[in-house]
Amino acid sequence: VFDTFWTKDADDWIERWGERPFCAEHGRLADAAAVKLRIANLVRPIRRMSQWTFATFPADDVPGRRALKAAAAYLDELGEWEPWLFVFGGVGSGKTGLALSCLRAYIEGRHGWDDVGFCNVRQLLAQTRGSFASKGASDPTETAIKPWLCVLDDVGAERPTPWALETLSTIVEARYVANYPTIVTSNYAPAELAERLGHDDIVIGQRIVSRLTENALQIRLDRPDLRARGAA
Ligand SMILES: Nc1ncnc2c1ncn2[C@@H]1O[C@H](COP(=O)(O)OP(=O)(O)OP(=O)(O)O)[C@@H](O)[C@H]1O
Ligand SMILES: [Mg+2]
């Protein structure tokens, strides 16, 4: 029920205000509400994540503080060119939370949102496989290819079947060729990721990771699982 409510509202909002949600006439309050709805729509169905910002990001340790600083530097750069961001670290270290906070900060600062996306790679692959059955359905990989700025969450979590690798390569290649800045999160450091994706053919893994990291700022979140703290 919540999902439908949030999604519909966000769509309504976008339809009404289109690309100018930040016009002065709408006031600051409206802006905040608009951003919230947009984020909620991007990360559905995990509504809890729509509350996450830089302000709530767990940063009471050195890796957390460093990550925040690096993310701020990344956003500065994003105003100038098309840098990529590669966030890696152990389970529950805050990678998705950091990526999402970057996306939110970008939306808040940049007066528009049609050009952002958020995809969990494994879910995206599952949806893509599912869409083969229904003829005429839109291609889910478009949601990872079209947005100018997009989070590819959890790269490497998918089973590296030839089909999954092919699909991931296509997405990465498309974004690379278009020069669209991309925020990647992974449980694996670049070299490890290349190995995992290149289990059968190392060149395939290297081709993907080389593109993911060529113009990327890397952030390593080296800390214990935040979920074990019972953080909400
Ligand atoms: N911006 C944020 N605001 C509030 N809490 C956050 C934020 N980012 C992370 N957290 C907290 O830290 C926990 C772990 O964060 P997150 O899901 O980002 O980890 P992860 O590194 O992506 O984990 P995984 O490897 O399992 O994907 C969250 O469940 C949440 O409690
Ligand atoms: Mg995650």
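Residues numbered from 1 in each chain as written. Chains lettered and ligands numbered in written order. Predicted model: local features only at pLDDT ≥ 70, side-chain atom pairs only at ≥ 80, totals over all residues. Heavy atoms only, no water.

Draft legend 1. Layout of helix α4 (residues 95–109). Counted at 1.5 Å a residue, the expected span for α4 with its 15 residues is 21 Å, and the 21 Å between its end C-alpha atoms agrees. α4 sits mainly inside the fold: 12 of its 15 residues count as buried. All of the buried residues in α4 are Lys95, Thr96, Gly97, Leu98, Ala99, Leu100, Ser101, Cys102, Leu103, Arg104, Tyr106 and Ile107. (Helix = DSSP H or I, 4+ residues; strand = E, 2+ residues; numbered from the N terminus. Expected span 1.5 Å × (residues − 1). Buried < 20%, exposed > 50% of the residue type's maximum accessible area, 1.4 Å probe, protein only.)

Draft legend 2. Molecular detail of the pattern of salt bridges. Following the criterion strictly, the structure yields 6 salt bridges and no others. As a salt-bridge pair, Glu173 and Arg211 come within 2.7 Å of each other at their nearest N and O atoms. Of this pair, Glu173 sits in helix α7 (residues 162–178) while Arg211 sits in helix α9 (residues 202–213), placing them 38 residues apart in sequence. Among the charged side chains, a network of salt bridges with common partners joins Asp60, Asp61, Arg223 and Arg229. (Salt bridge = Lys/Arg side-chain N within 4 Å of Asp/Glu carboxyl O.)

Draft legend 3. Geometry of helix α5 (residues 121–131). By the burial criterion, the buried members of α5 are Val121, Leu124, Leu125, Thr128 and Ser131. Taken down its axis, α5 places every buried residue within 125° of arc, on the same side. Buried positions along α5 lie against β2 (116–120), α6 (142–145), β3 (149–153) and α7. At the N-terminal boundary of α5, the capping side chain belongs to Asn120, with an oxygen 3.1 Å from the backbone nitrogen of Arg122. (Arc of directions from axis to C-beta. Contact = heavy atoms within 4.5 Å. Polar contact = N/O pair within 3.5 Å; in protein donor to acceptor, adjacent residues only side chain to side chain.)

In short, shape yes, function no, at least from these values alone.
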